[in-house]
Amino acid sequence: MSNNSENKEKNLKPQKLKPINVTKEKWNERVAQISRVTKVCKGGKKLSFKAIVIVGNEMGQVGVGIGKADDVINAITKGINDAKKNIISVPLTKTNTIPHLTIGTYGACQTLIKPASAGTGVIAGSSIRLVLELAGVKNILAKQLGTNNVLNNARATIAALLNLRTLKNIANERDLPIEHFIP
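About the cut-offs
- Numbering of residues starts from 1 in each chain and follows the order in which that chain's sequence is written.
- For this predicted model, a pLDDT threshold of at least 70 governs which residues receive local features, and a threshold of 80 or more governs which side-chain atom pairs are given and counted, while totals over whole chains, interfaces and linings are taken from all residues.
- The side-chain figures draw on all heavy atoms in the structure; neither hydrogens nor water molecules are used.
- Pairing between strands requires that DSSP locate at least two bridges from one strand to the other.
- Segments assigned H or I by DSSP are reported as helices when at least four residues long, segments assigned E as strands when at least two residues long, and all are numbered from the N terminus.
- Contact definition: two residues touch when any of their heavy atoms are within 4.5 Å.
- What counts as an axis is a line fitted to C-alpha atoms, over the stretch in contact for a helix, and the angles between N-to-C directions run from 0 to 180 degrees.
- Salt bridges are counted wherever a side-chain nitrogen of Lys or Arg sits within 4 Å of a carboxyl oxygen of Asp or Glu.

A. Fine view of the sheet that holds strand β6 (residues 109-115). Strand order in the open sheet formed by four strands is β5-β6-β8-β7, and the pairing between neighbours is mixed. With one partner strand each, in any of the chains shown, β5 (102-106) and β7 (122-123) form the two edges of the open sheet. Alignment of β5 against β6, held across five bridges, turns out to be antiparallel. Pairing of Ile103 across the sheet is with Leu112, part of β6. This element, helix α3 (residues 126-135), spans β6, β7 and β8 (140-146) of the sheet and lies at about 145° to β8. Running over the sheet, helix α4 (residues 150-162) touches β5, β6 and β8 and is turned about 135° from β5.

Put into structure tokens, the structure is as follows:
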């Protein structure tokens, strides 16, 4: 019994996706936030910058990254490279929305994303909007719950997008034909 329940728990966790080749495609980058960070050292305060960058190809792939450097340009470049290392794939429907409602959690942030009918647009706030737009989602409703932290909200949105499953995925998991799920 316990072994069977452990297998079910493993299947429920989002699985790591295969690495995606990011060099061949056109990627859009947007900076979500640039913040000035100081560190107190023996000789005084050391000033550096932190950039939160979101990268996507608007065709179902998106990633979030952070970069820290002594100047803004290097911080953004490091953030872009980090985001390209953390690309995920998002299943989209014919109306450019998600298959079902889902909630993603990261730290104290919760993100609720809900599919919408064609013509609705992207109704979301802060970094959630950037992640969804760069993923290629055109019709969606989203709500951030909890804290207003830009990075945690972006990562909570990524967690919500990782929780999405299509009919094909569910049919493969249950070893049933896909026609079994279509009414």
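B. Local environment of unusual backbone geometry. In this structure, Asn96 is a non-glycine residue whose phi angle is positive, near 55°. For Asp175, which is not glycine, the phi torsion reads 55° and is therefore positive. Relative to the helices and strands, Asp175 is located in the segment after α5 (167-174).

C. View of the pattern of salt bridges. In the structure shown here, the tally under the stated rule is four salt bridges. Of the charged contacts in the structure, one is a salt bridge between Asp70 and Lys46, with a shortest N-O distance of 3.2 Å. One end of the pair, Asp70, is in the loop between β3 (61-69) and α2 (72-85); the other, Lys46, is in strand β2 (residues 44-56), and 24 residues separate them in sequence.

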